[in-house]
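Breakdown of the fold
Spelled out, the chains give:
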Amino acid sequence: IYGDFKLKKILMLSLGMACGMTAQAALDDYLPAAKFKPHMDSLKTAYVGLGMTDRLAHGNAELVTPYGIAYGKVGVFTNGEDMGVQAGFRYPYHLTGTDQNGYYIGAFLGHTENAKVDNEQIQRLGAGVDLSYVMLNAQRISTLSVGLKFSERLTGRYGTEVPADPELQFAYTLSFGVF
């Protein structure tokens, strides 16, 4: 009885490895298209600039990859003195004409709001999705986006509650190519 059990374990392990290698080989079929790959020579890799995301006035850095644009924002909320940070990625959904201008879909996470709870300013963490129109060439990236953000629920010491309702997020950034 022990020999059959050992044989079954070896057979299951072998079958699992064979299935795993087959699934790995076809993984490229499911990845999104690298739409920037043919244009990477004409674009800069890194862009640095300024922007406004809802009440977050920020500096931002953007990295162009063959699959889209990764970005990070660091700034100060205009309704307080607290800092906020966001990071995200935008994938080119539909390009419209010259350069790499077009509509991009993306996702972001980080500080979404500076809320007041029990007379204290608290940065709310959250995440969301957005639709952007991006104007991209070697000199600059200009982005106008509207998104749907989901922030954490906050409850104060005295029962004050800030609900976790979804909200719209508007953003504009202007960045210039560095290298």
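These numbers come from a predicted model, not from an experiment.

Spatially, the eight strands close up into a barrel ordered 1-2-3-4-5-6-7-10, and their pairing is antiparallel. Within this sheet the neighbouring strands show an average axis-to-axis angle of 25°, counted without direction. Relative to strand 2 (residues 56–65), strand 1 (residues 46–53) is paired through eight bridges, and the arrangement is antiparallel. Looking at the pairing, Gly-49 lines up with Asn-60 of strand 2.

Within the secondary structure, Val-134 sits in strand 6 (residues 120–136). Residues Val-134 and Leu-144 lie 10 residues apart in sequence; the distance between their C-alpha atoms is 6.6 Å.

A contiguous nonpolar surface patch, about 940 Å² in accessible area, is contributed by Tyr-93, Tyr-103, Ile-105, Val-129, Leu-131, Val-146, Leu-148, Phe-150, Leu-168 and Phe-170. Broken down by secondary-structure element, the contributors of at least two residues to the nonpolar patch are strand 5 (102–117), strand 6, strand 7 (140–151) and strand 10 (167–177). The element best represented in the nonpolar patch is strand 7, accounting for three residues. Structurally, the position occupied by Val-129 is in strand 6.

Quick look at the side chain of Arg-90 now. Looking at where Arg-90 falls in the secondary structure, it is placed in strand 4 (residues 83–95). Within polar-contact distance, the side chain of Arg-90 engages the side chain of Asp-130 at 3.4 Å. Among all residues touching Arg-90, those that are not within four sequence positions of it are Tyr-67, Gly-68, Ile-69, Tyr-71, Tyr-104, Ile-105, Gly-106, Asp-130, Ser-132, Val-134, Thr-143 and Ser-145.

What follows covers the environment of Tyr-172. Residue position: Tyr-172 is located in strand 10. Considered as a pair, Tyr-172 and Thr-143 are 29 residues apart in the sequence and their alpha carbons are 5.5 Å apart. Aside from chain neighbours lying at most four places away, what touches Tyr-172 is Leu-50, Gly-51, Met-52, Ser-142, Thr-143 and Leu-144. Engagement of the side chain of Tyr-172 in a polar contact is seen with the side chain of Ser-142, the distance being 2.9 Å.

Glancing now at the packing of aromatic side chains. Applying the stated rule across the entire model yields two aromatic pairs. Summarising the aromatic geometry, the rings of Phe-36 and Tyr-104 are spaced 6.3 Å apart at their centres and angled 45° between planes, so their arrangement reads as tilted. Of this pair, Phe-36 sits in the loop between helix 1 (2–25) and strand 1 while Tyr-104 sits in strand 5, and the two are 68 residues apart along the sequence. Of the two residues, Phe-36 and Tyr-104, neither departs from the other in class, the shared state being buried. Seen in terms of ring centroids, Tyr-103 and Tyr-133 are 5.1 Å apart; in terms of plane orientation they differ by 70°. Their pairing is edge-to-face. Within this pair, whereas Tyr-103 is found in strand 5, its partner Tyr-133 is found in strand 6, the two being separated by 30 residues in sequence. For Tyr-103, a relative accessible area of 38% gives the class partly exposed. The exposure class assigned to Tyr-133 is partly exposed, which follows from its relative accessible area of 28%.

Throughout the structure, instances matching the rule amount to four salt bridges. The closest approach of N and O atoms between Glu-113 and Arg-124, which form a salt bridge, is 2.7 Å. Here Glu-113, found in strand 5, pairs with Arg-124, found in strand 6; they are 11 residues apart in sequence, far enough to count as distant. The exposure class assigned to Glu-113 is buried, which follows from its relative accessible area of 17%. Classification of Arg-124 by relative accessible area gives buried; the value is 1%. With a closest N to O distance of 2.7 Å, Glu-120 and Arg-157 form a salt bridge. Placement of the pair is Glu-120 in strand 6 and Arg-157 in the loop between strand 8 (154–155) and strand 9 (161–162), with a sequence separation of 37 residues.

What counts and what doesn't
- Within each chain, residue numbers correspond to sequence positions counted from 1 in written order.
- Two thresholds apply to this predicted model, a pLDDT of at least 70 for residue-level local features and 80 or more for giving and counting side-chain atom pairs, whereas whole-chain, interface and lining totals are computed over all residues.
- Excluded from the side-chain calculation are hydrogens and water; included are all heavy atoms of the structure.
- Note on pairing: DSSP must find at least two bridges between two strands before they are called paired.
- Helical segments are the DSSP runs of H or I of at least four residues, strand segments are the runs of E of at least two, and each set is numbered from the N terminus.
- Here an angle of 0 to 180 degrees is reported between the N-to-C directions of two axes, which are lines fitted to C-alpha atoms, with helices fitted over the stretch in contact.
- Patch membership needs two things, relative accessible area over 30% and no salt bridge, and members are linked within 9 Å if like-charged or within 5 Å if nonpolar (Val, Leu, Ile, Met, Phe, Trp, Tyr).
- The protein chains shown are the only cover counted for residues, whose accessible areas, like all others here, come from Shrake-Rupley with a 1.4 Å probe.
- Here, a salt bridge means any side-chain nitrogen of Lys or Arg that lies within 4 Å of a carboxyl oxygen of Asp or Glu.
- Polar contacts, as counted here, are pairs of nitrogen or oxygen atoms within 3.5 Å of one another; within protein the pair requires one atom able to donate a hydrogen and one able to accept it, and residues that are adjacent in sequence qualify only if both atoms are side-chain atoms.
- Here a residue-residue contact requires only that any non-hydrogen atoms of the pair lie within 4.5 Å.
- To pair, rings of Phe, Tyr and Trp, with the six-membered ring standing in for Trp, must have centres within 6.5 Å; the planes then decide the type, stacked if under 30 degrees apart, edge-to-face if over 60, and tilted in the middle.
- With a 1.4 Å probe rolled over the protein chains alone, any residue whose accessible area is under 20% of its type maximum counts as buried; one over 50% counts as exposed, and the rest are partly exposed.

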